[in-house]
Amino acid sequence: MKISIQINASPYQHQAADSAWHFIQAALVAGHQIYRVFFYHDGIYNALRDSRPPGDERDIVKRWSALQAEHGIDLVVCVSSAQRRGLLEQSVARKVGGYEAALADGFRIAGLGLLMEAIIDADRHICFGS
Amino acid sequence: MLYIINKSHTDNLALSKCLQTASATDVVLLIEHAVYAALELSQSPLTAMAGSAVTVYALSPDMQARGVQQAACLDFIQYVDYAGFVELVAANQPIRSCF
């Protein structure tokens, strides 16, 4: 079964990112496909490369990057949500003089069309939020 | 339909509103802070649900993280781990997350 995930909350203020990550792990073990993880609203903070949690804590951003590297899961950050919060794609940052390396490995920035595509194409869509 | 509730019944009315519209074939899953609503003494909207056909699950890892013991919960609550969460998602459509 193809499952798409939407995350609407920031990683260290709410449990949404943790809940989604544990759900995805269980879904992969059960043989399901994670079609896409779409980061929306404050969920875009899951993609901040320079997030530096204390060494004895889970690193949520790196955990997503590792998930993408291991399973090839499509991690998509909403472009509008990201730009409102100062997270810019490299080409945009270069154009406007912003920080060019803000996006963590494994993520890409795209529009809401990819959220709609995920909702339509996946068998199930689950939203984790605050 | 699978309703996913993640807020305590003292935080907002998501659980109450969900129970008002849920039918006998629907399933309610309590995750995150919503697991507090499973406690027998919580005065949550679930306390009036005994005998209802709506099936209510609570996510056991989130219960353990909050010290919510099964023995203190309403007797009709059922329990799942994340693997069970995935099974509920596979078995139910549509899915509505209520915030």
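Structure shown above.
Owing to the predicted nature of the structure, the values given are computational and were not obtained by experimental measurement. (Residues numbered from 1 in each chain as written. Chains lettered and ligands numbered in written order. Predicted model: local features only at pLDDT ≥ 70, side-chain atom pairs only at ≥ 80, totals over all residues. Heavy atoms only, no water.)

S.K.: What is the right way to read the overall build of chain A from this model?
M.R.: Looking only at helices and strands, one finds five helices and five strands in chain A. A compact globule built from 130 residues would reach a C-alpha radius of gyration of about 14 Å, and chain A, at 14 Å, matches this within 12%. Taking the principal axes of its C-alpha atoms as reference, chain A extends roughly 45 × 40 × 25 Å. Within the span of chain A, comprising 130 residues, buried residues form 52% of the whole. When contacts within chain A are restricted to residue pairs at least 6 apart in sequence, long-range pairs at least 24 apart make up 81% of them. Looking at chain A as shown, the accessible area adds up to about 6100 Å², and 49% of this sits on carbon and sulfur atoms. The average position of the 13 basic charges and that of the 14 acidic charges among the side chains of chain A differ by 4 Å. (Helix = DSSP H or I, 4+ residues; strand = E, 2+ residues; numbered from the N terminus. Rg over C-alpha atoms; globule rule 2.2 N^0.38 Å. Buried < 20%, exposed > 50% of the residue type's maximum accessible area, 1.4 Å probe, protein only. Contact = heavy atoms within 4.5 Å. Areas by Shrake-Rupley, 256 points an atom, 1.4 Å probe, with all protein chains shown as cover. Lys, Arg positive; Asp, Glu negative; His and termini not counted. Charge placed at Lys NZ, Arg CZ, Asp CG, Glu CD.)

S.K.: Would you mind going over the sheet that holds strand S3 (residues 55-59) of chain B with me for this structure?
M.R.: Sheet strands associate in pairs through backbone hydrogen bonding, adopting either a parallel or an antiparallel arrangement. All names here are of chain B. Ordered in space as S4-S3-S2-S1-S5, the five strands form an open sheet in which the pairing is parallel. On the outer flanks of this sheet lie strand S4 (78-80) and strand S5 (95-98), each paired with one strand and no other. Taking the axes of each pair of neighbouring strands and ignoring which way they run, one obtains an average angle of 25° across the sheet. Contacting strand S1 (2-5), strand S2 (27-30) and S5, helix H1 (residues 14-21) runs over the sheet at an angle of about 165° to S1. (Pairing = 2+ DSSP bridges. Axes fitted to C-alpha atoms, helices over the stretch in contact; angles between N-to-C directions.)

S.K.: In this structure, what is going on with the interface of chain B and chain A? I would like to understand it.
M.R.: How big an interface is tends to be stated in terms of the accessible area lost upon association of its parts. Contacts between the two partners involve 19 residues from chain B, matched on the other side by 18 residues from chain A. In total, chain B and chain A occlude about 1400 Å² of area from one another, counting both sides; carbon and sulfur atoms represent 61% of this. Three residues, Tyr 82, Val 86 and Phe 99 of chain B, lead the burial of chain B against chain A; their summed loss comes to 36% of the area buried on that side. Taken together, chain B and chain A are joined by 10 residue pairs in polar contact (both at pLDDT 80 or more). Of all the secondary-structure elements, those providing two or more residues to the side of chain B that touches chain A are helix H3 (82-91) and S5 of chain B. (Buried area = accessible area lost by both parts, 1.4 Å probe. Polar contact = N/O pair within 3.5 Å; in protein donor to acceptor, adjacent residues only side chain to side chain.)

S.K.: Got a minute to help me understand empty space enclosed by the protein in this structure?
M.R.: Rolling a probe over the atoms, with the probe sized like a water molecule, indicates the empty space that remains. A complete count under the given rule lists one cavity of 30 Å³ or more for this structure. Quantified by volume, the largest cavity comes out at close to 40 Å³. Lining the largest cavity, in full, are Cys 127, Phe 128 and Gly 129 of chain A together with Ile 4, Asn 6, Ile 31, Glu 32, Ser 97, Cys 98 and Phe 99 of chain B. Counted by class, the lining of the largest cavity contains six nonpolar, three polar and one charged residues. (1 Å grid on protein atoms, 1.4 Å probe; cavity = no way out; pocket = protein on both sides within 12 Å on 5 of 7 lines; lining within 4 Å. Points joined across faces, edges and corners; volume = space filled by probe spheres on them. Nonpolar A, V, L, I, M, F, W, Y, C, P; charged D, E, K, R; others polar.)

S.K.: I tried to follow the sheet that holds strand S4 (residues 107-110) of chain A on my own but got confused; where do I start?
M.R.: All names here are of chain A. An order of S4-S3-S2-S1-S5 is seen for the five strands of this open sheet, with the pairing classed as parallel. The open sheet has two edge strands with one neighbour each: S4 and strand S5 (124-128). Averaged over all pairs of adjacent strands, the angle between their axes in this sheet comes to 25°, without regard to strand direction. Pairing between strand S3 (residues 75-78) and S4: four bridges, direction parallel. Of the residues in S4, the one forming a bridge with Leu 75 is Phe 107. Of the strands in this sheet, strand S1 (2-7), strand S2 (33-39), S3, S4 and S5 touch helix H5 (residues 113-121), which is tilted by about 150° from S2.

S.K.: Would you mind showing me how to read the side chain of Ser 65 of chain A here?
M.R.: Turning to its location among the elements, Ser 65 of chain A is positioned in helix H2 (residues 60-71). Not counting chain neighbours up to four residues away, the residues in contact with Ser 65 of chain A comprise Ala 104, Asp 105 and Phe 107 of chain A.

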